[in-house]
Amino acid sequence: MDNTFDIETIEIKTLPKANIQLETNSNGRTKHRPKPTVKVAFFADILIKDFDGAIKTMYQLINRIPAHGFEYTFFTGTSPKHRFKHRVVKAPAVRIPFNISYKMAFPRLRKIKLLLSLSHFNPDVVHITTPSALGFFGLNYAKKNNKPVLSVYHTHFISYMRYYFKYAPFLIKPVEWLIKKMYKSFYNRCDMVYVPTLKIMEELQSYGVSANVMKLWQRGIDSHLFNPSKKDAAFIRKLTGNDKPCILFVSRLVWEKNVETLFGIYDEIEARGIDVNFVIAGNGVAEDIARQRMKNAVFLGFLNHHDLAKVYASCDVFVFTSVSETYGNVVVEAMSSGCVPVIANGGGSQALVKHGVTGFLCEPDNPAAYIDKITTLLNNHKLRENMQAEGYKYALPLCWDELSGEYFKDIESLANKKENERF
């Protein structure tokens with residue numbers, strides 16, 4: 001029996017309730033006193049590890065939750081499939097019609113049980129990943145119970161509409177208007193909203209989201225994993241069967257990644273007889289059509305992190321056509337690996353590439369523009385080397401340990417601020 005519509009609570013490990021901090025009394029003597037555990041209710045529709053870029057970012061934080069001083073309970077529509085050491089409370093979830101690979105939680109179908117779980121846990125801070133039905137449920141609970149809210153802007157929903165409603169284009173503008181209104185309503189009620197780039201921050205402000213709640217918080221990179229030293233000529237030769245230059249695309253194969261333009265780039269390469277390997281890493285609902293449209297491309301499917309790192313470092317140019325990114329983790333991974341990006345001048349990813357220095361930005365829907373930059377890089381070895389060096393230099397400071405440390409400090413600060421307001 002499918003347990004999607006059951007509330008399940010999983011608790012494998014209980015975190016310590018308190019740790020110790022120092023305090024100086026009126027006599028000037030130092031004494032020990034327990035430091036209260038900060039309890040966080042974390043709302044995320046999906047908790048399947050490596051499902052997409054947003055969830056990979058979430059797990060960079062989840063995997064770094066300190067063993068002492070913090071206790072998390074996760075509220076989700078889709079539970080983790082791996083061993084998970086934190087408590088999970090599951091809400092009903094159904095597939096999204098426009099993208100069947102996703103499930104969205106519908107908390108109102110189990111409202112009483114969810115509220116009882118929240119009441120029992122009594123969080124100090126609420127972390128909400130996205131303004132979904134589950135997100136609004138968590139936000140409404142927080143506001144009603146005077147709990148501070150931190151949210152991370154993970155998904156640029158508004159840019160998906162051109163793909164979801166391409167067969168009903170008259171709906172695009174009205175739905176975009178509703179999303180802008182939803183952004184304003186949701187994020188302005190949060191105490192802190194992490195935004196990955198200044199470009200996205202400016203865009204949210206244009207929708208009416210207050211600058212006072214937003215904080216620039218970039219995404220990190222594991223530079224020990226993604227770096228040029230992972231280049232492996234024998235590995236990439238085994239995948240492609242030859243030693244030709246490799247053009248790489250890494251992403252979920254879904255329509256909102258602008259794969260139609262990717263098809264156009266492939267067609268242009270074939271038509272011009274450019275002798276390269278066109279390498280695709282990733283899977284998704286558009287994969288079957290992509291395989292039909294790009295018959296000579298090398299499809300690798302989903303790769304584990306270690307194989308993906310070798311592919312990045314062993315390819316020459318990274319092409320990325322998406323304009324729907326909030327950030328674009330794959331672009332930074334490519335730069336950190338020495339694979340020069342040629343990407344769309346749109347969405348959050350454009351802020352990651354300094355045109356002509358760390359890579360190239362192209363007119364998003366113009367395949368010929370991408371081809372021009374790809375051939376420039378393939379024909380100018382010195383330029384490619386310079387861009388590899390500059391890209392690596394850009395990516396190196398983006399450390400997850402520092403970013404996660406900043407996050408936990410902000411969580412603690414929000415909890416302390418709310419506690420101080422009570423007295």
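Residues numbered from 1 in each chain as written. Predicted model: local features only at pLDDT ≥ 70, side-chain atom pairs only at ≥ 80, totals over all residues. Heavy atoms only, no water.

Quick word on the packing of aromatic side chains
Under the criterion given, the structure shown has 23 aromatic pairs. Ring centres of Y194 and Y407 lie 6.4 Å apart, and the angle between their planes is 70°; on these two criteria the pair is classed as edge-to-face. Of this pair, Y194 sits in strand β11 (residues 192–195) while Y407 is found in helix α14 (residues 400–421), placing the two residues 213 residues apart along the sequence. There is no split in this pair, since Y194 and Y407 are both buried. Geometrically, the ring pair formed by F318 and F320 is stacked, given 5.8 Å between the ring centres and 25° between the ring planes. A relative accessible area of 0% means that F318 is categorised as buried. The exposure class of F320 is buried, given its relative accessible area of 1%. Of the aromatic side chains, those joined through ring pairs into one cluster are F70, Y194, W217, W400, Y407 and F408. Over the aromatic face of Y327 sits the side chain of R219, whose NZ or CZ is 5.8 Å from the ring centroid. The aromatic ring of F360 is capped on one face by K373, whose charged end is 4.9 Å from the ring centroid. (Phe/Tyr/Trp six-rings, centres within 6.5 Å; stacked < 30°, edge-to-face > 60°. Helix = DSSP H or I, 4+ residues; strand = E, 2+ residues; numbered from the N terminus. Buried < 20%, exposed > 50% of the residue type's maximum accessible area, 1.4 Å probe, protein only. Lys NZ or Arg CZ within 6 Å of the ring centre and 35° of its normal.)

Looking at the nonpolar core
Counting 64 residues, the largest nonpolar core has F278, I280, M294, Y312, F318 and V331 as its most contacted members. Residue contributions to this core peak at 6 residues, all from helix α8 (residues 259–272). If near-sequence neighbours (up to four positions away) are discounted, F278 is found in contact with I247, L262, I265, Y266, I269, M294, A297 and V298. Within the second largest apolar cluster, 37 residues are counted, among which are L134, A142, V209 and V213. (Core = buried A, V, L, I, M, F, W, Y, C linked by side-chain atoms within 4.5 Å. Contact = heavy atoms within 4.5 Å.)

Comments concerning helix α10 (residues 305–314)
Those residues of α10 that fall on the buried side of the exposure criterion are L308, A309, V311, Y312, A313 and S314. Packed against the buried residues of α10 are α7 (233–240), β13 (246–250), β14 (277–281), β15 (298–301), β16 (317–320) and α11 (329–337). At the N-terminal end of α10, a side-chain oxygen is found 3.1 Å from the backbone nitrogen of H306, two or three residues along, and the residue is N304. (Polar contact = N/O pair within 3.5 Å; in protein donor to acceptor, adjacent residues only side chain to side chain.)

Some thoughts on the packing of helix α3 (residues 133–144) against helix α5 (residues 172–187)
In contact at an axis separation of 11 Å, α3 and α5 are set at 30° when each is read in the N-to-C sense. Judged on the interaxial angle alone, α5 and α3 are roughly parallel. In terms of crossing hand, the pair formed by α3 and α5 is left-handed. Listed contacts from α5 to G135, F136 and L139 of α3 are M182, S185 and F186. (Axes fitted to C-alpha atoms, helices over the stretch in contact; angles between N-to-C directions. Parallel < 35°, antiparallel > 145°, perpendicular 65-115°, else oblique. Left-handed = near helix turned anticlockwise from the far one by under 90°.)

Focus: the pattern of salt bridges
A side chain of one charge can pair with a side chain of the opposite charge when the charged atoms of the two come close. This structure, assessed with the given rule, holds 15 salt bridges. Here D275 ties to K244 by a salt bridge, and the two come within 3.0 Å at their closest N and O atoms. Residue D275 is found in the loop between α8 and β14, and its partner K244 is found in the loop between α7 and β13; the two are separated by 31 residues along the sequence. With relative accessibility at 33%, the residue K244 sits in the partly exposed group. (Salt bridge = Lys/Arg side-chain N within 4 Å of Asp/Glu carboxyl O.)

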